[in-house]
Amino acid sequence: MKPVLMVSDDVTGCVDSGAIFLSGGCSVTVDVDPARRSAVPDNADVIAYNMSSRTLLGTEAKRTHYALASELGRYPRLAAMKKMDIGFRGNASYEIEGLLQGLGAPVCFLMVHAPWRDTYTLDGLQYYEGVLLERSIVAREDPLKRPSRSDVCGILGADTGLPVMGVGLEAVRGPGLADLVGRRIAEGGRILVFDAVTEDDGYRVVSALQPVWPDALWAGSGGLAWALAKHFFRQPSEPAWTESDPPPRCACFCASKISTTLNQIAVARDRLGLQVVDVRMGEILSRGDRFREEIRRVADACLGVSPREDFLVMPLVPDGLEDAGLPELILEALSVCAAEVCGLREFDRLVVIGGETSQAVFRALGVGTLRLQARPETGLGMGLIGDGPLAGKSFSIKGGVCGSPEALCKMLGKYAVMT
């Protein structure tokens, strides 16, 4: 069986786009840890590789993507997809270059759209939730490589010497798309950026071009996953899942301070009694004995939560606290807390919000593979942990900027209690 191979710069990208393939009837495996992986694909329809590369230097991100692609290029595949962050954070151009070179692919076809989130490319400009990218919540609130412009060809061209060319919406929806693309490639185009607004726009591009350029690298987000799933498997269904009975006992971890996530936590606290345990970053920054004492305090607080209640561990950063290494220290503190708490507390489901946080927590807990089983809503994924000490337990993760106000309640498996 030839799989679709997907590569993402963080684990939440693997899960949210992988879950769209799942709803198209596919089996999906996520390879979590780039530090200890074998590139040999397993027997899933879709294998998603987390590269954990968003915060790397661009040259290092290119090197790691080239190394993986060189290995993957030895195996038959239906298609290769670079999962793009819809906020264009990270090292997209470097990663695309590495994948093109490693796979020996002639061209990259790129379209970043998620119609269900009012996110699309039009006239070469990226819109996020109906707002130009440079004015969106990603640009306002996300501290990691936030975007400062909206022109997609300009964003990509700033970090690559490869020719980047646009294909407008009229061409996408008109006849002769493959002929036009052939001319762009003959002119030297190596990365072609397509306008795409609707699900059908994405499917038009995939169905017209994949048969002609089967070795092309595809790059995009949820809309591309939807189109590839429809082309190779079946049209993805709407999000759906069945909550377990009894509901799972959940251990949750989050580092995001984006307003979307904070609102989701507030809803879960108010409606479900979620217990929030703060990690006092002032103590953590002191290192030494105070670091260890704060970790023990957090672990004791989690153990003190009633077995009938869920808890969420998140950082508490005092106003005015500034430290160049604070983001990394937050991840370190959460990963140490996760190892301490999850080794002592009985729980059924691991819930994590945020891509970098998910990677840090999974690594601390020895999680190397995930097998997707459900898509409660777009942007969320659930399934089973495939290996390590937590093998067989369930998980649910999502990115910090996505999800409805009730998203965390669904991740906790208790949405039905609210309704």
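Counting from 1, residues in each chain are numbered in the order their sequence is written. Selection of residues for local features in this predicted model requires a pLDDT of at least 70, selection of side-chain atom pairs for listing and counting requires 80 or more, and totals for whole chains, interfaces and linings are taken over all residues. Side-chain metrics rest on all non-hydrogen atoms present in the structure, leaving aside hydrogens and water.

A. Representation of the overall build of the protein. Along the backbone of the protein there are 16 helices and 18 strands. Radius of gyration here is computed from C-alpha atoms only, and the compact-globule reference equals 2.2 Å multiplied by the residue count raised to the power 0.38. Since a compact globule built from 419 residues should have a radius of gyration of about 22 Å, the 21 Å found for the protein is in line with a globular shape. Summarising its shape, the C-alpha atoms of the protein cover approximately 65 × 45 × 40 Å along the three principal directions. Buried means the residue's accessible area, taken with a 1.4 Å probe over protein chains only, is under 20% of the maximum for its type, while exposed means over 50%, and partly exposed covers the values in between. Among the 419 residues that make up the protein, the fraction classed as buried is 56%. Contacts between residues were defined by any pair of non-hydrogen atoms, one from each residue, lying within 4.5 Å. Within the protein, contacts between residues separated by at least 24 positions form 72% of all contacts whose residues are at least 6 apart in sequence. Where accessible areas are quoted, they stem from the Shrake-Rupley method and a 1.4 Å probe; at the residue level, only the protein chains shown are allowed to cover. Carbon and sulfur atoms make up 49% of the accessible area of the protein, which totals about 16,100 Å². Separation between the mean location of the 44 positive side-chain charges and that of the 52 negative ones in the protein comes to 2 Å. Helix and strand definitions here come from DSSP, where helices need a minimum of 4 consecutive H or I residues and strands a minimum of 2 consecutive E residues; each element is numbered from the N-terminal end. Note on charges: Lys and Arg go in the positive column, Asp and Glu in the negative column, and His and the chain ends are not counted at all. Just so you know, the charge point we use is NZ for Lys, CZ for Arg, CG for Asp and CD for Glu.

B. Seen up close, the pattern of salt bridges. Take a side-chain nitrogen of Lys or Arg and a carboxyl oxygen of Asp or Glu: if they are within 4 Å of each other, that pair is a salt bridge. For the coordinates displayed, the defined rule picks out 21 salt bridges. The shortest N-O distance in the salt bridge between Asp-33 and Arg-363 comes to 3.0 Å. Of this pair, Asp-33 sits in the loop between strand 2 (28–31) and strand 3 (46–50) while Arg-363 sits in helix 14 (residues 355–364), placing them 330 residues apart in sequence. With relative accessibility at 5%, the residue Asp-33 sits in the buried group. The exposure class of Arg-363 is partly exposed, given its relative accessible area of 43%. Across the salt bridge formed by Glu-294 and Arg-280, the nearest N and O atoms sit 2.7 Å from each other. One end of the pair, Glu-294, is in helix 12 (residues 288–303); the other, Arg-280, is in strand 13 (residues 275–280), and 14 residues separate them in sequence. Here the salt bridges share partners, and the residues they tie into one network are Asp-9, Asp-10, Arg-54, Asp-85 and Arg-89.

C. Quick peek at the sheet that holds strand 8 (residues 131–132). A strand pair is defined by DSSP finding two or more bridges across the two strands. Strands sit in the order 6-7-8 across an open sheet of three strands; the sheet is antiparallel. Lying at the two open borders of the sheet, with one neighbouring strand each, are strand 6 (120–122) and strand 8. Sheet analysis places strand 6 next to strand 7 (residues 125–128), joined by three bridges and oriented antiparallel. Note on strand 7: the bridge partner recorded for Tyr-120 is Tyr-127.

D. Up close: the side chain of Arg-375. For Arg-375, the position within the fold is in the loop between strand 16 (369–374) and strand 17 (380–385). Among buried charged residues, Arg-375 stands out as having no salt bridge; its nearest opposite-charge side chain is Glu-238, 6.2 Å away. A polar contact of 3.0 Å, which involves the side chain of Arg-375, links it to the backbone oxygen of Ser-237. Nitrogen and oxygen atoms within 3.5 Å of one another constitute a polar contact, given that in protein one can donate a hydrogen and the other can accept it, and given that sequence-neighbouring residues count only through two side-chain atoms. A polar contact is formed between the side chain of Arg-375 and the side chain of Thr-378, at a distance of 2.9 Å.

E. Structural view of helix 8 (residues 199–209). Here helix 8 has its buried residues at Asp-201, Gly-202, Val-205, Val-206 and Leu-209. Taken down its axis, helix 8 places every buried residue within 130° of arc, on the same side. Looking at the packing, one finds that the buried side of helix 8 touches strand 5 (108–111), helix 6 (169–173), helix 7 (177–186), strand 10 (191–194), strand 11 (217–220) and helix 9 (222–232). The arc refers to the directions leading from the helix axis to the C-beta atoms.

F. Representation of the side chain of Ser-358 within the structure. Position of Ser-358 among the secondary structure elements: in helix 14. With a relative accessible area of 0%, Ser-358 lands in the buried category. Reaching out from Ser-358, the side chain makes a polar contact with the backbone oxygen of Gly-354 at a distance of 2.7 Å.

G. Seen up close, the environment of Ser-27. Along the polypeptide, Ser-27 turns up in the loop between helix 1 (11–22) and strand 2. The spatial distance from the C-alpha of Ser-27 to the C-alpha of Gln-373 is 8.2 Å, given a sequence separation of 346 residues. The contact partners of Ser-27, leaving out residues within four places of it in the chain, are Asn-43, Ala-44, Asp-45 and Val-46.

H. Quick peek at the packing of helix 7 against helix 8. Simply put, an axis is a line fit to the C-alpha atoms, just over the touching stretch for a helix, and the angle between two N-to-C directions goes from 0 to 180 degrees. Two numbers describe how helix 7 lies on helix 8: the axes approach to 9 Å, and their chain directions differ by 70°. By the angle between their directions, the pair helix 7 and helix 8 is classed as roughly perpendicular. Mapping the contact onto sequence places Leu-177, Ala-178 and Val-181 in helix 7 and Arg-204, Val-205, Ala-208 and Leu-209 in helix 8. Roughly parallel covers angles under 35 degrees, roughly antiparallel covers those over 145, roughly perpendicular covers 65 to 115, and oblique covers all other angles.

Function cannot be read off these values alone, since they describe shape.
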